[in-house]
Structure formats: C-alpha cells, structure tokens
Amino acid sequence: MPSTGTGSRGGKLRRQGRNRLPPQPRRALSAEENAMKQVYIAVANARRAEKGLAGPTPEELESSMVNRAPGAKPYKIMSFHGAFHGRTHGCLSVTHSKPIHKLDVPAYDWPIAPFPELKYPLADNVDENEAEERRCLDAARALMDADPDVVGLIVEPVQAEGGDNHASPGFFRELRRAASDRGVKFIVDEVQTGCAASGSFWAHEAWELDDPPDAVTFSKKMQIAGYYTKADLVPDQPYRVFNTWMGDPSKVLMLEAVIDCVERDGLIANARETGDALKGGLEALVAAYPGKLMNVRGVGTLVAADLASGAERDRAVKELRAEGVDIAHCGEAAIRCRPGLYFTTEHARVFLDAFDRVLRRM
C-alpha cells in the first residue's frame, strides 16, 4: 500500500483494507526479499523510461531466463555492519550479525556501510557520538557515490540481533537525505521494532523524516509478514511479486485485533512509560554495580544493557532464567528486553528486583 506520511499508524493500516495490503509472505524475511524486488523493478522501469522504452526488450526477456545481462540486472542493496534482515539467499547478503547465518552460503558482493557504535551515557559522550555518526554517514555516501548500481539501502531502526545498536534520529534523517539525493530507495526493516513497542507505532516515526521511507517491512507483533511502499514502487504488472498465501486473511484478522488493542488500551503510551521505568531501573543498577553492568540504551520497551563480557552476560542470562525471567541476549555481551505490549511498570519492577539479586551474586 502507498505510504502517505512519515509513519502509517495502525489505524491507517486497517483503513486501507485487507484486500489492499501488498502480498504478505508467511515469513518476515520474505517481506525483505519482496521489498528489495520491488525496488529493482521500479528502478529498471524508470531507467527504461529514460531511454524511451515502454517495457523490457526481447533481449532482456530472453537473457533473464539464463541469469544474464541485460535481463538480470547488476543492482545492489547497501546494508550495514551488524545488521540482520533474514536468512534467505538475498537477505543473507544484507545480514552481517553472526557468521553462523552466512557460513558456506554464496552471497552477493554488495556494499556494507559502518553502523554507528555509540558510547553511553549519551549525555556524557555527545561530541564523540556526533563524530562517529558523521564517520558512518560519510562512508555510506561514499559507497553510494562509487557505484550507480546501488539502487537501494536497507536499515533497522535498532540493530536487534546485532547487539541492540542504536543511532540518533539525526543520523537516520541524514541517511534518508543522502539516499534521496542520489535516487537510492530507502527500506526500513521494522520486523523487530514495528507495532508500538518502540513508543510509537513505527519506530521510524521518531526520526521525523521530511521524506518517508520508500518501503517499510514488518512482522512479529504484526502477526503477519509484509510491507508497505510508496506508490512508485508498486509493480507495473500482476504476478511480478507473488506467493502462495497472498495475504493470508486469517492473519490479517488477527492483526486487526492487535491494532484494536493497541488503540483501545493505550499500548503505545504504555510502552513509553514502561520503557522509561526499565531504563531508569537499569541505570540505577549500573550505579549500584559499577563494572558489572553498563551501556543502558533503548526506545520504548526495546531496552538493552551490556555485561562486562560475553561470559558474564551468559551467566546473568542463566541466573535470570533461574529467577523466572525469560530474557534474550544479543551481540557480544548484551541482554535485551523484548516484553509484550501489556508489560507494565509493575512487571518492570519484578524484573529489576530479580536482576538486582543476580548482580549482587555475581
């Protein structure tokens, strides 16, 4: 469905109607694959139009069947170190979080930009973090400038699998501006962050972009995997983006129920309030146990912190689970909170009390 603003909220998704959702694969990673395909199709059609062509040539049609130019395009999607976008063949070429995902699998030689490695607390490291984001933006611009076949980029609002890595809204605004200036399509992967958990329905709403993303992918809390796009990315012919389930109406009904709950029960505001409680409580634990816990970060309830080492993190996760806390880990030494939308400040206090006991023993 076309994007009509910086962030299409849940109500807008529902108003678009079930039959107007784009093809909805069963797996989140297929959403990324199809979003990338729509970028390729749109760019190819635009470049043909610049040459005065109304459609593909016979040579393009024939050569595409044997994976050769000019039918098979040399287009590339730029991604970021630390990113995770899925495990299918195309998605693995834009995934860079763990070798176990990629080892022995052929991959496209596509450009990879550095993602900011911010220092915490943010208030104590303003100059260093601004310099780090400038470095990464300069590298991303250089990669796009070096190759006209870089037709799109894909980025997560939070690099979840890669270690819960964050960047500032200003970084994403400048990245969006750099892509727009070069005609590079801007794909935002909201599989981990979409549907209210970040404190807005879509995490990229917090960036306050002048120009909305060209495509946004989603899954997980959205119940169904899919994406929405600007109008110029809609395929020119039926069957160009297709799959068996084609929307899976039963999952769309579940999604409508989720959106009803988000709106009725104020779950976006709850995520903001509870996230503040989580971050505040973790920062208090940092102060209470210096050297054991550090680098508290997050948006909404998508909150993380680092332990002193990977081994200490693994021990903390094991002991938290023994306390009855089901918590995940990511990156080299991070634990990450990924609670449900009905997780409240009271639940946060239960978790923080348990973590306090664990850290006291470590």
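**A closer look at the packing of aromatic side chains**
Both the distance between ring centres and the angle between the ring planes are used here to describe each pair of aromatic rings. Under the counting rule described, the total for this entry stands at 13 aromatic pairs. Judged by centre distance (5.8 Å) and plane angle (40 degrees), the ring pair of Trp202 and Phe218 falls under tilted. Of this pair, Trp202 sits in the loop between strand E4 (185–189) and strand E5 (215–218) while Phe218 is found in strand E5, placing the two residues 16 residues apart along the sequence. Taking relative accessible area as the criterion, Trp202 reaches 0% and is therefore assigned buried. What makes Phe218 buried here is its relative accessible area of 1%. Members of the aromatic cluster, connected to one another through ring pairs, are Phe80, Phe115, Phe171, Phe172, Phe186 and Trp207.

**As for the pairing of strand E7 (residues 293–299)**
Looking at chain direction, E7 and strand E8 (residues 302–307) are connected through 5 bridges and run antiparallel. Paired with Val299 across the bridge in E8 is Leu302. Connecting E7 to the next strand, E8, in antiparallel fashion are 2 residues, including Gly300 with a positive phi near 55 degrees.

**Here's the deal with the sheet that holds E5**
Here we have 6 strands laid out as an open sheet, ordered E2-E1-E3-E4-E5-E6, and mixed in their pairing. The outermost strands of the open sheet, each flanked by one partner alone, are strand E2 (112–113) and strand E6 (226–229).

**Some points on the sheet that holds E7**
Judged by pairing direction, the sheet is antiparallel, and its 4 strands sit side by side in the order E7-E8-E10-E9 without closing on themselves. Pairing within the sheet leaves two strands with one partner each, and these edge strands are E7 and strand E9 (328–330). Neighbour-to-neighbour, the strand axes of the sheet open up by a mean angle of 30 degrees, direction not taken into account. Relative to strand E10 (residues 334–337), E9 runs antiparallel, the two sharing 3 bridges.

**Describing the side chain of Gln159**
Position of Gln159 among the secondary structure elements: in the loop between strand E3 (150–155) and helix H7 (169–182). Of note is the side chain of Gln159, whose polar atom sits 2.9 Å from the side chain of Asn165.

**So, the nonpolar core**
By size, the foremost hydrophobic cluster in this structure holds 41 residues, and its most contacted members are Phe80, Leu153, Phe171, Leu175, Phe186 and Val262. Listing elements by their share of this core, those giving two or more residues are strand E1 (76–80), helix H6 (126–146), E3, H7, E4, E5, helix H8 (249–264) and helix H9 (267–288). Here Leu175 is in contact with Phe80, Leu137, Ala140, Leu153, Val155 and Phe186, once residues within four sequence places are set aside.

**Considerations on H9**
An α-helix turns once every 3.6 residues. As a result, residues three or four positions apart point the same way. Given a rise of 1.5 Å per residue, 22 residues ought to cover 32 Å, and the 31 Å separating the end C-alpha atoms of H9 matches this to within 8%. Those residues of H9 lying buried are Leu267, Ile268, Asn270, Ala271, Thr274, Gly275, Leu278, Gly281, Leu282 and Leu285. Projection of H9 onto a plane perpendicular to its axis shows the buried side chains occupying an angular sector of 150 degrees, all on one side. Exposed and oriented more than 90 degrees from the buried face of H9 are Asp276 and Ala287. Among the structural elements, H8, E7, E8, E10 and helix H11 (345–361) are those in contact with the buried residues of H9.

**Structural notes on the state of the cysteines**
Here the structure, examined in full by the defined rule, presents 0 disulfides. Cys330 provides the cysteine sulfur closest to Cys136, a residue in no disulfide bond, and the two sulfurs are 18 Å apart. Assessed through its relative accessible area of 1%, Cys136 is described here as buried. Of all cysteine sulfurs, the one in Cys261 lies closest to Cys195, which takes part in no disulfide; the gap is 9.8 Å.

**Points about the environment of Val241**
Following the sequence through the fold, Val241 ends up in the loop between E6 and H8. With 192 residues separating them in the primary sequence, Val241 and Ala49 have C-alpha atoms 21 Å apart.

**A closer look at the pairing of E3**
Burial of E3 is extensive: 6 of the 6 residues sit out of reach of the surface. Sheet topology note: the E1/E3 ladder contains 3 bridges and is parallel. Within the sheet, the bridge partner assigned to Lys76 lies in E3 and is Val150. For the crossover from E3 across H7 to E4, the handedness is right-handed.

Analysis parameters
Residues numbered from 1 in each chain as written. Predicted model: local features only at pLDDT ≥ 70, side-chain atom pairs only at ≥ 80, totals over all residues. Heavy atoms only, no water. Phe/Tyr/Trp six-rings, centres within 6.5 Å; stacked < 30°, edge-to-face > 60°. Helix = DSSP H or I, 4+ residues; strand = E, 2+ residues; numbered from the N terminus. Buried < 20%, exposed > 50% of the residue type's maximum accessible area, 1.4 Å probe, protein only. Pairing = 2+ DSSP bridges. Axes fitted to C-alpha atoms, helices over the stretch in contact; angles between N-to-C directions. Polar contact = N/O pair within 3.5 Å; in protein donor to acceptor, adjacent residues only side chain to side chain. Core = buried A, V, L, I, M, F, W, Y, C linked by side-chain atoms within 4.5 Å. Contact = heavy atoms within 4.5 Å. Expected span 1.5 Å × (residues − 1). Arc of directions from axis to C-beta. Disulfide = S-S within 2.5 Å. Right-handed = clockwise from strand over helix to strand, strands pointing away.

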